[in-house]
Amino acid sequence: MKYWRGYLTAAILAVFTWVLIQMGQKYTTLVDMVYPYVTRSVQSFLTAWTGGFDFLVWQTAILFLIIVLIATLVLVFIFRAKIVRWLGWAAAAIMVVVLLHTGIYGLNSYAGPIEDDLRLDMKDYTQSELEAATVFYRDKANSLAGQLTRDENGVPVCSDFETLAAITGDSYRKLARERSFSIFGGDYTPVKKLGWAGLYTAQGKTGVTVPLTGESAVNPDIPGYALPFAMAHEMAHRLCIARNDDADFSAFLACSESESMEYQYSGYFMAYRICIAALESVDEAAAETIDEGVSAELDQDLKELGKFFDDNRDEDLTRLVTTVTDTFDEATADEEVRYSTVCDYLVNWHIDQYVEEEVVEQKFDPFNEEHVDLSGLVNADAKPAETEPAAEEGGE
């Protein structure tokens, strides 16, 4: 029996994890009302602690655990202990991490859709509305691309990592206070540089957030104009916005509301990149037509970002890591529970903020032929006579 205590402990922890996930799935309303605010407080506490270190605490912890595992495994062989017992306790240690992650963060995947918090009316949209949104984001990106300072090769000259990281919190603070989007309230400690950056570049990853330490980190090797969006995305995760599509849309909002031109460009750059990709999957000819309107500067930046990841991607490593992370996500409720894709958010945001707003702002004029059909009416072109002001009664 003593050889199986580790396995029994791991099984008990697995049951607790499973119960938490089932509760999250069943009581989604309760999760949405309470859980995000509690976990956001936990994240703020953890971030306040780990934010005092320049390095990533979770990466140091991983190195420590690897050393411990190797050392204990060596001791098993030296003392000729049962490897079965070691494997059982190793499984129990892994399940402790899984349970903690699920309890303090993982159930955010079952919170309600972000559009409810943003008061965004999500509707089915037509291809023409998708095209209109794509053109809007393209034109915004075109304009900003031409305003950025560039070197002799046409590459944007961006601020350093620390300067950009310090701006992200201001953008989310503005959304929370001025736009009254309480979902963006929380700790705005700047994100950190991601250690072992080359390893993540090979997987096509721009950043990582680890809730167990409250740390968000961004790959410093990616092109500078992509950094603000990546920083805003990872901070959104730390604000307990768990689903990737929700975090992407949050990042766009933070970038578009920022006073920094670099942030604005990064947001609209990624918005166009997302929408044009969605349009290509529906109508390649329409996408090609819209893409012809891309400026030389924006076109260069789009190609550079794609080339950066293509040149550095390691397919075997990506496949291995994807398999491991997918298994972990399934165990911790982080699987993609999608209410919408980020493109759906972007199109509906464009309709809600710009298209419908223009319609509301047009005042109805009964004598404007664009508003009403005046054909067949007598004196339709006549202007209304001005009424003389009535004489005041009781004057001296």
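Residues numbered from 1 in each chain as written. Predicted model: local features only at pLDDT ≥ 70, side-chain atom pairs only at ≥ 80, totals over all residues. Heavy atoms only, no water.

Novice: Mind showing me how you'd approach the overall build of the protein here?
Specialist: When its secondary structure is counted, the protein shows 15 helices and three strands. Counting contacts in the protein only where the partners sit at least 6 residues apart, residues at least 24 apart contribute 79% of the total. Accessible area of the protein: about 21,800 Å², with a carbon and sulfur share of 58%. (Helix = DSSP H or I, 4+ residues; strand = E, 2+ residues; numbered from the N terminus. Contact = heavy atoms within 4.5 Å. Areas by Shrake-Rupley, 256 points an atom, 1.4 Å probe, with all protein chains shown as cover.)

Novice: Is there a simple way to explain the pattern of salt bridges in this structure?
Specialist: Inspection of every chain in the model, using the stated rule, returns ten salt bridges. Of the charged contacts in the structure, one is a salt bridge between aspartate 170 and arginine 173, with a shortest N-O distance of 2.8 Å. With aspartate 170 and arginine 173 both in helix H7 (residues 161–177) and three residues apart, this pair spans about one turn of that helix. Here aspartate 170 falls in the partly exposed class, since its relative accessible area comes to 45%. Note that lysine 303 is salt-bridged to aspartate 299, the shortest N-O span being 3.1 Å. (Salt bridge = Lys/Arg side-chain N within 4 Å of Asp/Glu carboxyl O. Buried < 20%, exposed > 50% of the residue type's maximum accessible area, 1.4 Å probe, protein only.)

Novice: For this particular structure, what's the right way to read the pairing of strand S2 (residues 207–210)?
Specialist: Residues in a regular strand project their side chains so that they alternate between the two faces of the sheet. Neither face of S2 is open: one carries Gly207 and Thr209, the other Val208 and Val210, and all of them are buried. The pairing of S2 with strand S3 (residues 215–218) spans four bridges and is classified as antiparallel. When the sheet's bridge partners are listed, threonine 209 is paired in S3 with serine 216. Count of turn residues in the S2/S3 antiparallel hairpin: four residues, of which glycine 214 carries a positive phi of about 65 degrees. (Pairing = 2+ DSSP bridges.)

Novice: Looking at this structure, how should I read unusual backbone geometry?
Specialist: Trans is the common state for peptide bonds, and a negative phi is the common state for residues other than glycine. We note that serine 180 has phi near 60 degrees; this positive angle belongs to a residue other than glycine. Topologically, serine 180 is positioned in the loop between H7 and strand S1 (192–193). Residue serine 180 is classed as partly exposed on the basis of its relative accessible area, which comes to 46%. For cysteine 240, which is not a glycine, the phi torsion comes out positive at approximately 70 degrees.

Novice: I would appreciate a short explanation of the packing of H7 against helix H9 (residues 227–238) in the present structure.
Specialist: Relative placement of two packed helices is described by the angle separating their axes and the distance separating the axes. For the pair H7 and H9, interaxial distance at closest approach is 9 Å and the crossing angle is 50 degrees. Here H7 is positioned oblique relative to H9, judged by the angle of their axes. Once H7 is placed against H9, the crossing between them reads as right-handed. Each of Phe161, Leu164, Ala165, Thr168, Gly169 and Tyr172 in H7 lies in contact with H9, whose residues at this interface are Leu227, Pro228, Met231, Ala232, His233, Met235 and Ala236. Here the contact of H7 with H9 is composed, by residue class, of ten nonpolar, three polar and no charged. (Axes fitted to C-alpha atoms, helices over the stretch in contact; angles between N-to-C directions. Parallel < 35°, antiparallel > 145°, perpendicular 65-115°, else oblique. Left-handed = near helix turned anticlockwise from the far one by under 90°. Nonpolar A, V, L, I, M, F, W, Y, C, P; charged D, E, K, R; others polar.)

Novice: Hey, could you run me through the confidence of the model for the protein in this one?
Specialist: For any part of a model where pLDDT is low, the fine detail of the predicted coordinates should not be relied upon. Across the protein, the average pLDDT comes to 86, with 83% of residues at or above 70. Overall, residues 335–339 carries pLDDT values under 50, and its contacts beyond four positions in sequence, including any with other chains, amount to 17 contacts. Note on residues 390–396: pLDDT under 50 across the span, and zero contacts to partners over four residues away in sequence or across chains. (pLDDT = per-residue confidence, 0-100.)

Novice: Before we go on, may I ask you to explain a nonpolar patch on the surface in this structure?
Specialist: On the surface, a cluster of nonpolar side chains totalling about 950 Å² of accessible area is made up of Ile62, Leu63, Ile66, Ile70, Val74, Leu75, Ile78, Phe79, Trp196 and Leu199. At seven residues, the largest contribution of residues to the nonpolar patch is made by helix H3 (residues 57–78). Here isoleucine 66 lies in helix H3. (Patch = residues over 30% accessible without salt bridge, like charges linked within 9 Å, V, L, I, M, F, W, Y side chains within 5 Å.)

Novice: What exactly am I supposed to notice about empty space enclosed by the protein here?
Specialist: In this approach the atoms are scanned with a rolling probe the size of a water molecule, which exposes any empty space left behind. Going through the model one piece at a time under the given rule, you end up with one cavity of 30 Å³ or more. Estimated volume of the largest cavity: approximately 50 Å³. Among the secondary structure elements, those contributing two or more residues to the lining of the largest cavity are helix H2 (28–50) and S3. Here the lining of the largest cavity is composed, by residue class, of two nonpolar, six polar and three charged. (1 Å grid on protein atoms, 1.4 Å probe; cavity = no way out; pocket = protein on both sides within 12 Å on 5 of 7 lines; lining within 4 Å. Points joined across faces, edges and corners; volume = space filled by probe spheres on them.)

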